[in-house]
Amino acid sequence: MQVLICDDSSFAQKQIARALPPDWRVNLSFARNGHEALAAVRQGKGRVLFLDLNMPDMDGYQVLETIRRERMDSAVIVVSGDVQPEAQRRVEQLGALGFVKKPADPEVVASLLDRLGILDGSRFAGRGDSAHSALWDGYREIANVALGRAVSLIAQLLDVFVLMPIPNVNMLEKSELQMALSSVRDSEEEDVSAVCQGFAGAGITGEALLIFNDSSFRDIAELMRFEGVVDSNAQVELLMDMASILIGACLKGIEEQLDVKFSQAHPVVLGRHVAVSDLIERNMAHGKPTLTIEMALQFEGRKVSCDLLLLLTEESMPRLNDIVSYLMAP
């Protein structure tokens, strides 16, 4: 495991290093400021990053912002003497997985690493191990085929060309999902509206989440030939119609490929005119890793931007892995 400790104090670097589990096999690197830390992460030396907040030149907040913006593959744990609740809230919103107060307590560090699935490597499933990588490729291709059917349907109905993305597949927690969503939006400041629809079947449970930038509604109304004022009620109607088409077609495509049948709950509006971070905060209370398949859609020539996400529960993974492994067998 490539582990990076970033702190401007050599004393603190050594103290954090001593707090790591003694039987944890790691390749340990050190950085004295944010610039050095980002360079090391880009070189693959920071799959796990222990990050101080208060540093000269580039502080920990700026490092977290850059990692989020550039979507770097690094699990960040903040180690800081600043234990204000607001500081902890801010680093979580920026994508930090955990917060450890200085001086780092070995028992606290070990417990956090174990809870996050870092010690046994489960957090990184699909990012390095060849067997898991093959499974992740399988999930990505299944999502790609299902999304293709949904995109084809919406393109025909609305007479528009949809720019179809490559699905992103990861095991994410709440803070990481916030980071992933914020990084693909046109503007992190723009409010969004969202619809969620639960589904379950064959030992698999999850939710489909459709998120639209609020600026998309006017063009959506034109594409759907909506006549009338695009007021609050009309926006809800448009949002539900789009969700019914995209989510329904995508889940149908997955059902056919996995040879399963999902029971689908009624779609519900999760939030309207809210920030992405608030949306996730309100509707993902648990911190368990979730298999997240993220698909960011754009309509050519239109100011329509949306994200379609499939969130599969941790408990669904054994069954999902069995099905996908069977489908991939020669």
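None of these values were measured; they are calculated from a predicted model.

> For this particular structure, what's the right way to read the sheet that holds strand S2 (residues 27-31)?
In any sheet, the strands associate via hydrogen bonds between backbone groups, in a parallel or an antiparallel arrangement. The strand order across the open sheet formed by five strands is S2-S1-S3-S4-S5, and the pairing between neighbours is parallel. Looking at the sheet topology across the chains shown, the edges are occupied by S2 and strand S5 (98-101). Between one strand axis and the next, the sheet turns through 20° on average, direction left out of account. By the bridge criterion, four bridges tie strand S4 (residues 75-80) to S5 in an arrangement that is parallel. Looking at S5, one finds that Val78 is bridged to Phe99. Here helix H5 (residues 106-115) sits on the sheet and contacts strand S3 (48-51), S4 and S5; the angle it forms with S5, its principal contact strand, is near 175°.

> What am I meant to see in helix H1 (residues 10-19) here?
Given 3.6 residues to a turn, an α-helix orients residues that are three or four positions apart in the same direction. Listed in full, the buried residues belonging to H1 are Ala12, Gln13, Gln15, Ile16 and Ala19. Buried positions in H1, seen along its axis, are confined to an arc of 165° and lie on one side of it. Turned more than 90 degrees away from the buried face of H1, the exposed residues are Phe11, Lys14 and Arg18. Packing partners of the buried residues in H1 comprise strand S1 (2-6), S2, S3, S4 and H5. The backbone nitrogen of Phe11 has a side-chain oxygen 3.3 Å away, supplied by the residue at the start of H1, namely Ser9.

> Where do I start with empty space enclosed by the protein in this structure?
Over the atoms, a rolling probe the size of a water molecule traces out where space has been left empty. One pass over the full model with this rule turns up one cavity of 30 Å³ or more. Considered as a void within the structure, the largest cavity measures approximately 130 Å³ in volume. Lining the largest cavity we find 14 residues, and of these Ile254, Leu258, Ile293, Leu312 and Leu320 sit closest to its centre. Those elements giving two or more residues to the lining of the largest cavity turn out to be helix H6 (130-158), helix H9 (232-258), strand S12 (290-299) and strand S13 (305-312).

> Please explain the packing of helix H2 (residues 34-42) against helix H3 (residues 60-70) as it appears in this structure.
Packed helix pairs are characterised by how far apart their axes lie and by the angle those axes make with each other. Where H2 contacts H3, the axes come no closer than 10 Å and their chain directions differ by 30°. By the angle class used here, H2 and H3 are roughly parallel. Both H2 and H3 take part in a crossing whose hand is right-handed. Only Val63, Thr66, Ile67 and Glu70 of H3 make contact with H2, whose side of the interface consists of Gly34, Leu38 and Arg42. Along the lines of polarity and charge, the residues of the contact of H2 with H3 split into three nonpolar, two polar and two charged.

Conventions we followed
Residues numbered from 1 in each chain as written. Predicted model: local features only at pLDDT ≥ 70, side-chain atom pairs only at ≥ 80, totals over all residues. Heavy atoms only, no water. Pairing = 2+ DSSP bridges. Helix = DSSP H or I, 4+ residues; strand = E, 2+ residues; numbered from the N terminus. Axes fitted to C-alpha atoms, helices over the stretch in contact; angles between N-to-C directions. Contact = heavy atoms within 4.5 Å. Buried < 20%, exposed > 50% of the residue type's maximum accessible area, 1.4 Å probe, protein only. Arc of directions from axis to C-beta. Polar contact = N/O pair within 3.5 Å; in protein donor to acceptor, adjacent residues only side chain to side chain. 1 Å grid on protein atoms, 1.4 Å probe; cavity = no way out; pocket = protein on both sides within 12 Å on 5 of 7 lines; lining within 4 Å. Points joined across faces, edges and corners; volume = space filled by probe spheres on them. Parallel < 35°, antiparallel > 145°, perpendicular 65-115°, else oblique. Left-handed = near helix turned anticlockwise from the far one by under 90°. Nonpolar A, V, L, I, M, F, W, Y, C, P; charged D, E, K, R; others polar.

Purely spatial values, then, with no claim about function.
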